[in-house]
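These are the residues of each chain, in order.
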Amino acid sequence: MKKIIIYTSKTGSTEKCAYELYNNLDNTDIINLNKNEPNINEYDLIIIGSPIRIGMIDKKIKKFIYKNLQLLENKKLAFFICCGFDQNKKTYFETNIPENLMNKFLICESFGGETDINKQTGINKLLVKMISKNNDINIKILDDNINSFIQKINEFDKKSL
Ligand SMILES: Cc1cc2nc3c(=O)[nH]c(=O)nc-3n(C[C@H](O)[C@H](O)[C@H](O)COP(=O)(O)O)c2cc1C
């Protein structure tokens, strides 16, 4: 099964997760949507990854989804987000993904996130500082979620042979 990972990333964590998938999946291409526009016709499974900011997926990812809605409806799909508040993932999926497409996803998962203050600029630096001050919040990449995502795709891959 030919696969592609299509992602964007503002401060690198979605990119890191996308490459973690890429390094653990066979027969897979990877594209940063900020640099290239993929031709998804040639793929069986499309894996889409986006960071969450103010509750929203990246604009480029959203535009890509709506532009290719009909094509995507006929593909196998998987979706991941990087976000600080993993507990809100259900809301993030429901608000950002068209309802008819939601049913098509093999997996929809949050990989957690990172909030490195040194990678932020302007007002974002201030926002991240405010979030980080709250010691109850432990924002990190959720390796277990990435591993079970990889496992599910590999199992699906085996079944489709
Ligand atoms: C300005 C800003 C807004 C954010 N808004 C949210 C949010 O609404 N919900 C959330 O769970 N995480 C939020 N985050 C955390 C990011 O999703 C997290 O840092 C993620 O790892 C960023 O991915 P990236 O490094 O690929 O850009 C926000 C981060 C920034 C800097």
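Further up the page is the structure itself.
Residues numbered from 1 in each chain as written. Predicted model: local features only at pLDDT ≥ 70, side-chain atom pairs only at ≥ 80, totals over all residues.

Asker: Sorry, what's going on with the site of the ligand here?
Answerer: Close contacts around the ligand come from 23 residues, with Lys10, Thr14, Pro51, Cys83 and Gly113 the closest. Those elements that place two or more of their residues in the shell around the ligand are α1 (13–22), β3 (45–53) and α6 (122–133). Residue composition of the shell around the ligand, by class: eight nonpolar, 12 polar and three charged. (Near = placed C-beta within 6 Å. Helix = DSSP H or I, 4+ residues; strand = E, 2+ residues; numbered from the N terminus. Nonpolar A, V, L, I, M, F, W, Y, C, P; charged D, E, K, R; others polar.)

Asker: Is there a simple way to think about the nonpolar core in this case?
Answerer: Nonpolar side chains in soluble globular proteins generally cluster together in the buried interior. Ile5, Ile6, Ile46, Ile47 and Ile81 are the most contacted members of the largest nonpolar core, which totals 31 residues. It is strand β5 (residues 76–82) that provides the largest number of residues to this core, a total of six residues. (Core = buried A, V, L, I, M, F, W, Y, C linked by C-beta atoms within 7 Å. Buried ≥ 20, exposed ≤ 12 C-beta atoms within 10 Å, placed from the backbone.)

Asker: Can you walk me through the environment of Ile81 in this structure?
Answerer: The residue Ile81 is located in strand β5 in this model. For Ile81, a count of 26 C-beta atoms within 10 Å gives the class buried. Taking the C-alpha atoms as reference points, Ile81 and Asp29, 52 residues apart in sequence, are found 18 Å from one another. Beyond its immediate stretch of four places on either side in the chain, Ile81 contacts Ser50, Ile52, Ile57, Lys89, Tyr92 and Ser110. (Contact = placed C-beta atoms within 7 Å.)

Asker: Where do I start with the pairing of strand β1 (residues 3–7) in this structure?
Answerer: Each regular strand carries side chains that alternate between the two faces of the sheet. Counted residue by residue, β1 has five buried out of five residues, so it is predominantly covered. Taking every second residue as pointing to the same face, both faces of β1 are buried, with Lys3, Ile5 and Tyr7 on one and Ile4 and Ile6 on the other. Where β1 and strand β2 (residues 28–32) come together, five bridges link them in parallel fashion. Within the sheet, the bridge partner assigned to Ile6 lies in β2 and is Ile31. You can see the chain leave β1, run along α1 and come back into β2, and the turn it takes is right-handed. In terms of strand pairing, β1 meets β3 through five bridges, oriented parallel. Opposite Ile5, over in β3, you have Ile47 as the bridge partner. (Pairing = 2+ DSSP bridges. Right-handed = clockwise from strand over helix to strand, strands pointing away.)

Asker: I'm lost on the environment of Gly113 in this one. Help?
Answerer: Within the secondary structure, Gly113 is located in the loop between β6 (105–110) and α6. Among the residues examined, Gly113 registers 21 C-beta atoms within 10 Å and is labelled buried. Contact partners of Gly113, with chain neighbours within four places excluded, come to Ser13, Cys82, Cys83, Gly84, Ile139 and Ile141.

Asker: Help me understand α1 in this model?
Answerer: Working note: α-helix, 3.6 residues per turn, so residues spaced by three or four point in the same direction. What α1 keeps buried is the set Ser13, Thr14, Cys17, Ala18 and Leu21. Angular distribution of buried residues about the axis of α1 spans 140°; they occupy a single face of the element. On its buried face, α1 sits against β1, β2, β3, β5 and α7 (143–159). (Arc of directions from axis to C-beta.)

Asker: Sorry if this is basic, but what is going on with unusual backbone geometry here?
Answerer: Most peptide bonds are trans, and most residues other than glycine sit at a negative phi. One non-glycine residue, Asn27, lies in positive phi territory at about 50°. Looking at the element boundaries, Asn27 is found in the loop between α1 and β2. Assessed through the 12 C-beta atoms surrounding it within 10 Å, Asn27 is described here as exposed. Although it is not a glycine, Ile54 sits at a positive phi angle of roughly 45°.

Asker: How do you make sense of the environment of Ile30 when you look at a structure like this?
Answerer: Structurally, the position occupied by Ile30 is in strand β2. For Ile30, a count of 20 C-beta atoms within 10 Å translates into the label buried. For the pair Ile30 and Asp58, spaced 28 residues apart in sequence, the C-alpha to C-alpha distance is 17 Å. Once residues within four sequence positions are removed from consideration, Ile30 is found in contact with Ile5, Ala18 and Tyr22.

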